[in-house]
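Descriptive analysis of the structure
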Amino acid sequence: MALPAHLVVGIGEALWDMLPTGKHLGGAPLNFAYIASLLGEHAIIASRIGNDSLGAQIQSELAGRNLDTSGIQTDLKLPTGKFSRKHAPGVSVSLRYQSSKAVL
């Protein structure tokens, strides 16, 4: 007998990790909700993204993964958050967190 799915909500930032290998969805709450959905739970991400191409790409990517995006708000003024990791001369790793502040 299959157990009913629980409602799992990841509350917080959905952003893009801009890595040397390419752009990847990120944010611990988003990752948590996505993995819960893969385990058969009804998972929602509650976050805020910018009204920009990066925000639209998050919506599109999550829809393609069948993750409930009904808890995502769009901020009309602030951009979608990004996290960048680059190798810089003389430094092993350079990190730059660009939070949109649009997050809940």
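The coordinates are above.
Attention now goes to the pattern of salt bridges. Scanning the entire structure with this criterion turns up one salt bridge. Across the salt bridge formed by Glu 61 and Arg 65, the nearest N and O atoms sit 3.0 Å from each other. Accessibility expressed as a relative area gives 33% for Glu 61, which makes it partly exposed. Given the relative accessible area of 32%, Arg 65 is considered partly exposed.

Counting 15 residues, the largest nonpolar core has Leu 25, Leu 30, Ala 43, Ile 45, Ile 58, Leu 62 and Leu 67 as the members making the most contacts within it. Elements with a contribution of two residues or more to this core: α1 (28-38), β4 (42-50) and α2 (53-64). Leave out the neighbours within four places in its chain, and Ile 45 touches Gly 10, Gly 12, Pro 29, Leu 30, Ala 33, Leu 62, Leu 67, Asp 68, Gly 71 and Ile 72.

Basis of the calculations
Residues numbered from 1 in each chain as written. Predicted model: local features only at pLDDT ≥ 70, side-chain atom pairs only at ≥ 80, totals over all residues. Heavy atoms only, no water. Salt bridge = Lys/Arg side-chain N within 4 Å of Asp/Glu carboxyl O. Buried < 20%, exposed > 50% of the residue type's maximum accessible area, 1.4 Å probe, protein only. Core = buried A, V, L, I, M, F, W, Y, C linked by side-chain atoms within 4.5 Å. Helix = DSSP H or I, 4+ residues; strand = E, 2+ residues; numbered from the N terminus. Contact = heavy atoms within 4.5 Å.

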